[in-house]
Amino acid sequence: MLKMEHGRIHIAIPLMDELENLPQLLNDIRAQDADDYRVYFCVNQPDVWWKNEEKRSVCERNLQSMDFIKDHADFPAKIIDRCSRGKGWQGNNLGVGWARKVAMDAVQEEANDRDIIITLDGDTRFNAGYFSSIKTNFNEHNTAVGLSVPYYHKLSGSEPEDRAILRYEIYMRNYAINLWRIGNPYRFTALGSAMAMPVSSYRAIGGMTPKKSGEDFYFLQKLVKYGELLTWNEEKVYPAARFSDRVFFGTGPAMIKGNRGDWDSYPVYHHRLFEEVKQTYDAFPALYREDIKTPLGEYLSGKTGRKKIWEPLRKNAPDEKIFIKACREKIDGLRILQFLKHSQGERGYSDEECLLANIRILHAGILNDFDFLVDGFTFDELSVGQLDKLRDALVAIEEAYQKEHHG
C-alpha cells in the first residue's frame, strides 16, 4: 500500500472564560517546531447570559479574549464568534461539545482529507514538539483513523485540587488499564483536549455529535467502530486540574463532587467486573450459533426487558465475522461503562477494597513500593504525595500497554 504524507495541521480550540490562560496558550502554540498549521478558536457562551447579571462578566471577558487573540496571535488563526450579543448559543444548543463541533466543522470546510485536526482546550499545556509529533505518528501509522493522546495532570500545589485530580486520575487509569488487560477495543481515555484525527476520518464518521459535554467519549467511540484508534504518542498533553462547573460532567465537575466526598460516579472498578466483560466478548463466536448466558447479555436483557438480544444481530449478519463486529459495536464503550457502574453498585464494593484487590492480584510486583496500601486503608488518609506516587505507578502500567500495542 502506497503511503501518503499527511498535510496541514488544524487546531480546534473551544474557549469560554479563558482570558487568563490565553497568554500561555498562545506561547505554547507559537513555540511549536511545526510551521504548517492554523488555529481555530471558538469563543462561546449562551446568548442569554448577556441578560444575566451574574454571567455578564463572562461575556465581557470572552469579548476581551477575542481582542487578545486578534492582537497577539502571530500565527494563522481564525476566530469563530459565538459570544457577541446575538451570536451566542440559542436554546439547548450550547456547551463545550457544540463549541468543539463548530471549530472542527470550520476545519473540514477548508481542509483536505489528508490534513490533521488536533483538539485542545484553553487551559491545556503542551511541549514544542506536540503538533509535529502527531503528524509523524499518523505518517508512521497510515491507516489509523484517530489518536487518543496520552495525558498527565500536573499538580497545582493546592491540596484540595491536587487530592481531587489525583483521585479522579486513579479512577481513569484503573478503568483504562483493565480494558487494556482484557484486550477490549474501547480502551481509550476520552479527553476533549487530547484527540487528533485525519480530516478524512472526521468526515467519514459524520463529524462531532454535539452534546453539552461528554462529546469526546462518543466521538472516540465512533472512531473505534470505524477503524484503528492510536493511543500512544511521543508527546503528551497536560490538561489543567481545576474546580470547574463549565461542563456538565468531566474533570472539573468530578473534582467538585469529589472534594465534597462524593465519588459515586467515578468508582475504582473491581477487576472481576472486567473479566465478565471479557467473558461476554469471548462468547461472541458461540452466540452466532445459539443463545448462551453471558454477564453483559443478562444485564442488557434486564435493562431492556428483551430476552433475545442477540437474535436481531444474528438475523442481519451473513457470516460469523460480521456478527462478531456487530456484537462489538452493540456492546460498546457506553454499554460497558453502564454495566460496570450497575454491577459495582449492586455488589457493594468499596473503592479501596477494589484498588487493593486489583493491585494484589494484577500488579503484585509494585506492592513493595506502597507500604500504605494495606487492608483497611482509606483514600482520605493518604497524603497528596502517596496519591501522586500511586497515580504515577498506574501511568507507567498504562503507558507500557500503549507502547506495546503501538506497532
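What comes next is a walk through the structure.

What counts as what
Residues numbered from 1 in each chain as written. Predicted model: local features only at pLDDT ≥ 70, side-chain atom pairs only at ≥ 80, totals over all residues. Heavy atoms only, no water. Helix = DSSP H or I, 4+ residues; strand = E, 2+ residues; numbered from the N terminus. Rg over C-alpha atoms; globule rule 2.2 N^0.38 Å. Buried < 20%, exposed > 50% of the residue type's maximum accessible area, 1.4 Å probe, protein only. Contact = heavy atoms within 4.5 Å. Polar contact = N/O pair within 3.5 Å; in protein donor to acceptor, adjacent residues only side chain to side chain. Disulfide = S-S within 2.5 Å. Salt bridge = Lys/Arg side-chain N within 4 Å of Asp/Glu carboxyl O. 1 Å grid on protein atoms, 1.4 Å probe; cavity = no way out; pocket = protein on both sides within 12 Å on 5 of 7 lines; lining within 4 Å. Points joined across faces, edges and corners; volume = space filled by probe spheres on them. Core = buried A, V, L, I, M, F, W, Y, C linked by side-chain atoms within 4.5 Å. Pairing = 2+ DSSP bridges. Axes fitted to C-alpha atoms, helices over the stretch in contact; angles between N-to-C directions. Parallel < 35°, antiparallel > 145°, perpendicular 65-115°, else oblique. Nonpolar A, V, L, I, M, F, W, Y, C, P; charged D, E, K, R; others polar.

Bringing the overall build of the protein chain into the picture now. Each helix and strand in the protein chain was counted, giving 16 helices and nine strands. In summary, the protein chain has a C-alpha radius of gyration of 22 Å against a globular reference of 22 Å for 407 residues, a match within 12%. Dimensions of the protein chain along its principal axes, counting C-alpha atoms only, are 60 × 55 × 45 Å. Counting the 407 residues in the protein chain, one finds 56% classified as buried. Across the protein chain, contacts joining residues at least 24 apart in sequence account for 77% of those joining residues at least 6 apart.

Structurally, Asp 375 is set in the loop between α15 (351-362) and α16 (384-404). Accessibility expressed as a relative area gives 58% for Asp 375, which makes it exposed. Through-space distance from the C-alpha of Asp 375 to that of Asp 332 is 34 Å; in sequence the pair is 43 residues apart. When near neighbours in sequence (up to four residues on either side) are disregarded, Asp 375 contacts Leu 356 and Arg 360. Among the polar contacts listed, one links the side chain of Asp 375 to the side chain of Arg 360, at a separation of 2.9 Å.

What follows concerns the state of the cysteines. Applying the stated criterion across every chain, the model contains zero disulfides. Cysteine Cys 59 remains unbridged, with the sulfur of Cys 83 as its closest cysteine sulfur at 7.8 Å. According to the relative accessible area criterion, Cys 59 is buried, its value standing at 0%.

The next thing to look at is the pattern of salt bridges. Applying the stated rule across the entire model yields 29 salt bridges. Here Arg 173 ties to Glu 398 by a salt bridge, and the two come within 2.9 Å at their closest N and O atoms. Placement of Arg 173 in helix α5 (residues 159-181) and of Glu 398 in helix α16 is noted, with a sequence separation of 225 residues between them. Per residue, the accessibility class of Arg 173 equals that of Glu 398, and both read buried. For Arg 314, the salt bridge goes to Asp 291, with nearest N and O atoms at 2.6 Å. Of the two residues, Arg 314 sits in helix α12 (residues 311-316) while Asp 291 sits in the loop between α10 (284-287) and α11 (295-304), which places them 23 residues apart along the sequence. Through salt bridges with shared partners, a single ionic network connects Glu 169, Arg 173, Asp 388, Arg 391, Asp 392 and Glu 398.

It is a probe the size of a water molecule, rolled over the atoms, that shows where empty space is left. If you add up the space inside the second largest pocket, you get close to 330 Å³. Lining the second largest pocket are 19 residues, with Pro 185, Val 224, Gly 227, Glu 228 and Leu 229 positioned closest to its centre. Contributions of two or more residues to the lining of the second largest pocket are made by α7 (215-226), β8 (229-230) and α13 (320-330). Looking at the lining of the second largest pocket, the element that brings in the most residues is α13, giving four residues.

Moving on to the nonpolar core. Grouped together as the largest cluster of nonpolar side chains are 117 residues, with contacts concentrated most on Ile 29, Phe 41, Ile 118 and Phe 131. Take this core: its biggest share by element is nine residues, from α5. With sequence-adjacent residues up to four places away left out, Phe 131 is seen in contact with Ile 9, Ile 11, Ile 29, Gln 32, Ala 34, Tyr 37, Ile 118, Leu 120 and Phe 126. Grouped together as the second largest cluster of nonpolar side chains are five residues, Met 16, Trp 49, Val 58 and Cys 59 included.

Spatially, the seven strands line up as an open sheet ordered β3-β2-β1-β4-β7-β6-β8, and their pairing is mixed. Strands with a single pairing partner mark the edges of an open sheet, and in this sheet they are β3 (77-82) and β8. Pairing geometry for strand β2 (residues 37-44) and β3, over six bridges, is parallel. Its bridge partner being in β3, Val 39 is matched across the sheet by Ala 77. Contacts from helix α1 (residues 22-30) reach β1 (9-15) and β2, with the element oriented near 165 degrees to β2.

Before going further, it helps to examine the packing of α11 against helix α14 (residues 333-347). Where α11 meets α14, the axes come as close as 11 Å, and the angle between the chain directions of the two elements is 85 degrees. Between α11 and α14, the crossing angle belongs to the class labelled roughly perpendicular. In this structure, α11 uses Pro 295, Leu 296, Tyr 299, Leu 300 and Lys 303 to contact α14, whose residues at the interface are Arg 335, Gln 338, Phe 339 and His 342. Tallied by class, residues from the contact of α11 with α14 come to five nonpolar, two polar and two charged.

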